[in-house]
Amino acid sequence: MDLDWTRLGKALRDARRAAAVSLTQEEMAEEIGVGRSVIQLIEAGNEYKKPTPSIRAYAARVGWADGSIETVLAGGEATLKAAVAPAPETGPPADAGLPLRIVHELKGKGDLLDTAVIPLGDDASMVVVVKGKPGASLAEIERSLEAWRKAQGQLLEIDYRDGQGDAS
């Protein structure tokens, strides 16, 4: 049986636009923790081997009951849960063991631009999350990514093995 990804994309888009949900693509992307381009691909009917976690999060956010994705792909209609689920938290929960300032920054506005794990010798690593400012233009994002590339190169050159952090 062929799966109708175009039908699924249209149904999800219509559900997102419905009065009960009423979100823009940007708002949906932020709420489920993906980029706007992912929402655009889903709504355009991009074909996948199976429903992705992003598609499942989208369906849950618009209030679809479990199994609705498969039903719509097969030509049926989505079933709604009793009420539309509240917006999921973006970023880690406050009890994820991270300092509150990090949780606050991760949950804050702005697009996730990149991440990196940088080794600190044999016993530790550093996690870097790079976020752009909210509503940044393409040129601003490109400048931010270029600045990050330079900083990342410098971080990778530092020799942390001697405990002093001096570049070798």
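Residues numbered from 1 in each chain as written. Predicted model: local features only at pLDDT ≥ 70, side-chain atom pairs only at ≥ 80, totals over all residues. Heavy atoms only, no water.

J.: I tried to follow the packing of aromatic side chains on my own but got confused; where do I start?
T.: Describing an aromatic ring pair means giving the distance of the ring centres and the angle of the ring planes. Enumeration according to the criterion identifies one aromatic pair in this entry. Arranged with centres 5.7 Å apart and planes meeting at 70°, the rings of Trp-5 and Tyr-48 form a pair that is edge-to-face. Pair noted here: Trp-5 is in helix 1 (residues 5–17) and Tyr-48 is in the loop between helix 3 (36–43) and helix 4 (53–61), with a separation of 43 residues, a long-range link. Judged by relative accessible area, Tyr-48 falls into the partly exposed class, the value being 24%. (Phe/Tyr/Trp six-rings, centres within 6.5 Å; stacked < 30°, edge-to-face > 60°. Helix = DSSP H or I, 4+ residues; strand = E, 2+ residues; numbered from the N terminus. Buried < 20%, exposed > 50% of the residue type's maximum accessible area, 1.4 Å probe, protein only.)

J.: Sorry, what's going on with the nonpolar core here?
T.: Across soluble globular proteins, nonpolar side chains show a tendency to be buried alongside one another. Membership of the largest hydrophobic core comes to 19 residues, with the highest contact counts inside it found for Leu-8, Leu-12, Tyr-58, Val-62 and Trp-64. When residues of this core are traced back to their parent elements, those giving at least two are helix 1, helix 2 (25–32), helix 3, helix 4 and helix 5 (68–73). Not counting chain neighbours up to four residues away, the residues in contact with Tyr-58 comprise Leu-12, Arg-13, Arg-16, Met-28, Ile-32, Ile-39, Ile-42 and Glu-43. Residues Ala-116, Ile-118, Val-128 and Val-130 belong to the second largest nonpolar core, which totals eight residues. (Core = buried A, V, L, I, M, F, W, Y, C linked by side-chain atoms within 4.5 Å. Contact = heavy atoms within 4.5 Å.)

J.: Please clarify how helix 1 should be interpreted in this entry.
T.: Helix length check: helix 1 (13 residues) gives 18 Å between terminal C-alpha atoms against 18 Å at 1.5 Å per residue, within 8%. Turning to helix 1, its buried residues are Trp-5, Leu-8, Gly-9, Leu-12, Ala-15 and Arg-16. Projected down its long axis, helix 1 shows its buried positions confined to an angular sector of 130°, all on one face. In helix 1, the exposed positions that point more than 90 degrees away from the buried face belong to Thr-6 and Arg-17. Elements in contact with the buried residues of helix 1: helix 2, helix 3, helix 4 and helix 5. (Expected span 1.5 Å × (residues − 1). Arc of directions from axis to C-beta.)

J.: Sorry, what's going on with the confidence of the model for the protein chain here?
T.: Low pLDDT marks regions whose predicted coordinates should not be analysed in detail. Looking at the protein chain, the pLDDT average stands at 81 and 85% of residues meet or exceed 70. Highest mean pLDDT in the protein chain belongs to helix 1 (94); lowest belongs to helix 6 (residues 100–107) (77). (pLDDT = per-residue confidence, 0-100.)

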